[in-house]
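What follows is the residue order along each chain.
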Amino acid sequence: MPQTHSASYKLAFQDIDFLLREDLRPVRFQLELMKPEVLLDEANIVSTFVFYGSARIPSREVAAAELETAKQGKGDLERAKMRLKMSRYYEDTRELARRLTLWSKSLEGTERRFVVCSGGGPSIMEAANRGAHDVGAQTIGLNIVLPHEQAPNAYVTPDLSFNFHYFAIRKMHFLMRAKAVCVFPGGFGTLDEMFESLTLIQTGRMKPIPFLLFGREWWETVINWTHLADAGVIAPEDLSLFAMVETAEEAVAVIDGWGAQ
């Protein structure tokens, strides 16, 4: 019958063309919000440790190989030296995730707390998932659809690997379960996530949590925090919303001392 072959006859939830219409965007928002929420609830994950950071910082092993290649005249030597210097943050991320996961495993109760959560991609995100994976823990990845597809890194637990179309919904999921955040060096995306999170805490829309900036020299070079306060565009007490740390041990100590269990 021609009636049953018409697009109007399709069940709404099976009609992809209908679901992708511009005026169905609110429904897609809701679906993208609900799917990870339902699956994380089913996985009994009640809190996370969120890692923000660059998608372009290599591991020490990769950076060292790039430097050797550059020394042979097959690349930009100065850039290779800088990438080797920055690779410390990959290693620091991995170590912090490993230590924090061991610490979280010692917490009592059946609920899963302080599960490592990253953007699911390469570099700092990979290092975070890898550190938790190193000690046999499950780990969350919140990927995003980009013009150049960002594939999940190999250390995200497959059943906890999510993909988002909407940045806003992804950002919500980063913070809905977050009980601590650590921000490593990064570019526009990292700065966006950092400042948005700090703004939510500053304005009382989110409860204060341990908020760590890893690498004092980096953050004090990139952002003149004192000038922001001196100029009056933030309050002096806003500088206490975050702490700068230099080592994984220091970061775990800050979190442990917060009493956020």
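Residues numbered from 1 in each chain as written. Predicted model: local features only at pLDDT ≥ 70, side-chain atom pairs only at ≥ 80, totals over all residues. Heavy atoms only, no water.

Caption draft 1: Molecular detail of the overall build of the chain. Summing up its helical and strand segments, the chain has 10 helices and 7 strands in all. Projected onto its principal axes, the C-alpha coordinates of the chain cover approximately 70 × 50 × 45 Å. Within the span of the chain, comprising 261 residues, buried residues form 43% of the whole. In the chain, 71% of the contacts between residues at least 6 apart in sequence involve partners at least 24 apart. When the accessible area of the chain is evaluated, it comes to approximately 14400 Å², of which 56% is carbon and sulfur surface. (Helix = DSSP H or I, 4+ residues; strand = E, 2+ residues; numbered from the N terminus. Buried < 20%, exposed > 50% of the residue type's maximum accessible area, 1.4 Å probe, protein only. Contact = heavy atoms within 4.5 Å. Areas by Shrake-Rupley, 256 points an atom, 1.4 Å probe, with all protein chains shown as cover.)

Caption draft 2: Looking closely at the environment of leucine 175. Relative to the helices and strands, leucine 175 resides in helix H6 (residues 167-176). Expressed as a C-alpha distance, the spacing of leucine 175 and tryptophan 258, which sit 83 residues apart in the sequence, is 18 Å. Leucine 175 has contacts with Tyr52, Val181, Ser197, Leu200 and Met206, leaving out every residue within four places of it along the chain.

Caption draft 3: Region of the structure containing the pattern of salt bridges. Under the counting rule described, the total for this entry stands at 16 salt bridges. Across the pair arginine 83 and glutamate 66 runs a salt bridge whose closest N-O atoms are separated by 2.6 Å. Note that arginine 83 is positioned in helix H4 (residues 77-105) and glutamate 66 in helix H3 (residues 60-71), a separation of 17 residues in sequence. Its relative accessible area of 17% is what places arginine 83 among the buried residues. (Salt bridge = Lys/Arg side-chain N within 4 Å of Asp/Glu carboxyl O.)

Caption draft 4: Highlighting the state of the cysteines. Summed over the entire model, instances satisfying the criterion amount to 0 disulfides. Between cysteine 182, a free cysteine, and cysteine 117, which holds the nearest cysteine sulfur, the sulfur-to-sulfur gap is 13 Å. (Disulfide = S-S within 2.5 Å.)

Caption draft 5: Region of interest: the side chain of glutamate 91. Positionally, glutamate 91 belongs in helix H4. Nearest to the buried, unbridged glutamate 91 among oppositely charged side chains is arginine 60, at 4.5 Å. Apart from residues no more than four positions distant in its own chain, glutamate 91 is found in contact with Ser59 and Arg60. (Lys, Arg positive; Asp, Glu negative; His and termini not counted.)

Caption draft 6: Spatial organisation of the layout of surface pockets. Approximately 840 Å³ is the volume found for the largest pocket. Taken together, 33 residues line the largest pocket, and the ones lying closest to its centre are Gly53, Ser54, Ala55, Arg56 and Gly189. Looking at the lining of the largest pocket, the elements with two or more residues in it are strand E1 (48-52), H4, H6 and helix H7 (188-202). Here the lining of the largest pocket gets 5 residues from one element, more than from any other, and that element is H7. Taken together, the residues of the lining of the largest pocket sort by class into 17 nonpolar, 9 polar and 7 charged. The volume enclosed by the second largest pocket comes to roughly 370 Å³. Lining the second largest pocket are 13 residues, and of these Arg28, Leu31, Glu32, Asn163 and His165 sit closest to its centre. Where the lining of the second largest pocket is concerned, the elements lending two or more residues are helix H1 (16-19), helix H2 (25-42) and strand E4 (161-164). (1 Å grid on protein atoms, 1.4 Å probe; cavity = no way out; pocket = protein on both sides within 12 Å on 5 of 7 lines; lining within 4 Å. Points joined across faces, edges and corners; volume = space filled by probe spheres on them. Nonpolar A, V, L, I, M, F, W, Y, C, P; charged D, E, K, R; others polar.)

Caption draft 7: Structural context of the nonpolar core. Ile140, Val181, Met194, Phe211 and Leu213 are the most contacted members of the largest nonpolar core, which has 32 residues in total. Those elements that provide at least two residues to this core are E1, strand E2 (115-118), strand E3 (140-144), E4, H6, strand E5 (178-183), H7 and strand E6 (211-214). Contact partners of phenylalanine 211, with chain neighbours within four places excluded, come to Val181, Val183, Met194, Ser197, Leu198, Ile201, Leu241, Phe242 and Ala243. By size, the runner-up hydrophobic cluster in this structure holds 28 residues, among which are Tyr90, Ala128, Ala137 and Val252. (Core = buried A, V, L, I, M, F, W, Y, C linked by side-chain atoms within 4.5 Å.)

Caption draft 8: Broad picture of the sheet that holds E6. In space, the 7 strands of this open sheet follow the order E4-E3-E2-E1-E5-E6-E7, with parallel pairing throughout. The sheet is open, and its two edges are formed by E4 and strand E7 (243-245), each paired on a single side. If you compare each strand with its neighbour and ignore which way they point, the axes differ by 25° on average. Of the pairings in the sheet, the one linking E6 to E7 comprises 3 bridges and is parallel in character. (Pairing = 2+ DSSP bridges. Axes fitted to C-alpha atoms, helices over the stretch in contact; angles between N-to-C directions.)

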